[in-house]
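# Overview (structure and organization)
These are the residues of each chain, in order.
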Amino acid sequence: MESYNNIGIKRRLRRFFRKDGRALIFAMDHGFEHGPTDFEETWEHINPRVIIRKVVRAGIDGVMMLPGIARIAGDELIGKEVGLMVKLTSKTELRPKEEWLMQDQLGFVEDAIKLGADAVAATVYWGSPYEGAMMRQFAEIASYAHDLGYPVVQFAYPRGPYINEKYGKKEDYRVVMYGARAAAEMGADMIKTYWTGSRETFAKVVEAASGVPVLLSGGAKTSNPLDFLNLVWEVIEAGGSGAVVGRNIFQRKNPETLIRALLRVIHRNEGPEEAAKAEGLV
Ligand SMILES: O=C(COP(=O)(O)O)[C@@H](O)[C@H](O)[C@H](O)COP(=O)(O)O
């Protein structure tokens, strides 16, 4: 017989993933992690209510935010079929550069639960000199959240001096695959990580995660929306479970059309060009 907390984890994960096991999640932690300048091109989106209303209207599956934004605007999700992921670690880009390889805890599992979260999230920079501290942080969050039946998402990002020295770049598939595997071995219920540059290599990352869903971390806005649709399509073809996307959504004036096109690629198996045409993007 399944334990109560396992059932809770499974039920809550389903609030993000549709029956096909895939999800498109909107990421909204940039005001903290990159700073408000990320919103300058589309300044109306600095108001979380404005952008959250748009993404919800377009049919997004989930939204990820820090506890304070959930407190300010989380009520926009009440009564909507949208999963809420509350991220409990972060860093600002104001801290000294030597400490950019560390994320600190800014909220607790209880806070996320009070805010109505369906999952909690934390980053581990695999390969960082602070790797151990982030592992400990993740383990504490996961142990407590799992006891209460809440899934835990790991932003498994390889970053650090040895990675650059040995592999040249953090997006080398061997490194990304290592981070995803480490996240799975730590007990993550969902993994968010970098694109490795090809379908074949991303498929290896997915395999290394051994059944734990792997989602793409969106990355910087592409100049052409079709390029981003192509990227997400490759992720899906590689066996990835979707994408967690920030800038490619909120840095566009009309994010709804791209979201609808992404949903076509992710959930309806439409090719990128077909999806883009259907939504009037090309
Ligand atoms: O991990 C994050 C930032 O990563 P970064 O240090 O910019 O590589 C997240 O906080 C973002 O929300 C996430 O990367 C998704 O946002 P986009 O990359 O799609 O903007």
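Residues numbered from 1 in each chain as written. Predicted model: local features only at pLDDT ≥ 70, side-chain atom pairs only at ≥ 80, totals over all residues. Heavy atoms only, no water.

Going by the annotation in an unreviewed UniProt entry, the name recorded for the protein chain is fructose-bisphosphate aldolase, with Thermococcus argininiproducens given as the source organism. Under the Catalytic activity (unreviewed entry) heading, UniProt states for the protein chain: "beta-D-fructose 1,6-bisphosphate = D-glyceraldehyde 3-phosphate + dihydroxyacetone phosphate". In its Sequence similarities (unreviewed entry) section, the UniProt entry covering the protein chain states "Belongs to the DeoC/FbaB aldolase family." (UniProt positions renumbered as here; feature names shortened; annotations may be inferred.)

Here the structure, examined in full by the defined rule, presents 21 salt bridges. Between Arg49 and Glu76 there is a salt bridge whose closest N-O contact spans 2.7 Å. Of this pair, Arg49 sits in helix α3 (residues 48-58) while Glu76 is found in the loop between α4 (67-73) and β3 (83-87), placing the two residues 27 residues apart along the sequence. Residue Arg49 is classed as partly exposed on the basis of its relative accessible area of 25%. Residue Glu76 is classed as buried on the basis of its relative accessible area of 13%. A network of salt bridges, in which partner residues are shared, links Arg260, Arg264, Arg268, Glu270 and Glu279. (Salt bridge = Lys/Arg side-chain N within 4 Å of Asp/Glu carboxyl O. Helix = DSSP H or I, 4+ residues; strand = E, 2+ residues; numbered from the N terminus. Buried < 20%, exposed > 50% of the residue type's maximum accessible area, 1.4 Å probe, protein only.)

By the definition in use, this model includes five aromatic pairs. Their ring planes at 20° and their centres at 4.3 Å tell us that Phe39 and Phe250 sit as a pair that is stacked. Highlighted residues: Phe39 in the loop between α2 (30-33) and α3 and Phe250 in helix α11 (residues 247-250), separated in sequence by 211 residues. Of the two residues examined, Phe39 and Phe250, each falls in the buried class. (Phe/Tyr/Trp six-rings, centres within 6.5 Å; stacked < 30°, edge-to-face > 60°.)

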